[in-house]
Amino acid sequence: MEHGSFQDQSQATFSFTDEDHTLANSLRYTLNQDPRVTFCGYSIPHPADARVNIRVQTTGDPAREVLKDSCQDLMLICQHVRSTFDQAVMEFKSKKGLESMNIRP
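Residues numbered from 1 in each chain as written. Predicted model: local features only at pLDDT ≥ 70, side-chain atom pairs only at ≥ 80, totals over all residues. Heavy atoms only, no water.

### Observations regarding helix 2 (residues 63-94)
Counted at 1.5 Å a residue, the expected span for helix 2 with its 32 residues is 46 Å, and the 47 Å between its end C-alpha atoms agrees. Buried residues in helix 2 make contact with strand 2 (11-17), helix 1 (21-33), strand 3 (37-43) and strand 4 (51-58). (Helix = DSSP H or I, 4+ residues; strand = E, 2+ residues; numbered from the N terminus. Expected span 1.5 Å × (residues − 1). Contact = heavy atoms within 4.5 Å.)

Structure, rendered in structure tokens:
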């Protein structure tokens, strides 16, 4: 849900339900890497409430579009981490890494 002004679309607060620090901090990081962002922060209103509020202020671009771009950037980062991990596991298995570690049951 977006909370903001219709007159100034360069700033808004977005509320994500069923989310916590994991997504919020990751999005905050990717948003702060974007040169269009002048301010970004998040808060969790109450620890018992599974909701995160993310505030975005931009240099003029619509905050909604900047948030959408950052979500896509975060997905690309996650895909890269996953493929790098999967590749490392395959290399480890192909070199018979467990046997070389001399682990006994």
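We are not done yet, so read on.
### Quick word on unusual backbone geometry
Most peptide bonds adopt trans geometry, and most residues besides glycine take a negative phi value. One non-glycine residue with positive phi stands out, namely Asp18, at about 60°. Structurally, the position occupied by Asp18 is in the loop between strand 2 and helix 1. Take Asp18: its relative accessible area is 64%, and that puts it in the exposed class. (Buried < 20%, exposed > 50% of the residue type's maximum accessible area, 1.4 Å probe, protein only.)

### Comments concerning the nonpolar core
With 14 residues, the main nonpolar core has Phe14, Leu31, Ile54 and Val56 as its most contacted residues. Going through the elements one at a time, strand 2, helix 1, strand 3, strand 4 and helix 2 are the ones with two or more residues in this core. (Core = buried A, V, L, I, M, F, W, Y, C linked by side-chain atoms within 4.5 Å.)

### Describing the confidence of the model for the protein
The predicted coordinates should not be examined in detail at positions where pLDDT is low. Here the protein averages 89 in pLDDT, while 86% of its residues score no lower than 70. For the protein, helix 3 (residues 97-100) is the element with the lowest average pLDDT, namely 63, and strand 3 is the one with the highest, namely 96. (pLDDT = per-residue confidence, 0-100.)

### So, the pairing of strand 4
Alignment of strand 2 against strand 4, held across 7 bridges, turns out to be antiparallel. By the bridge assignment for strand 4, Phe14 is matched with Ile54. Bridge count for strand 3 against strand 4 is 6 bridges, and the pairing is antiparallel. Considered in strand 4, the bridge of Gly41 is made with Arg55. (Pairing = 2+ DSSP bridges.)

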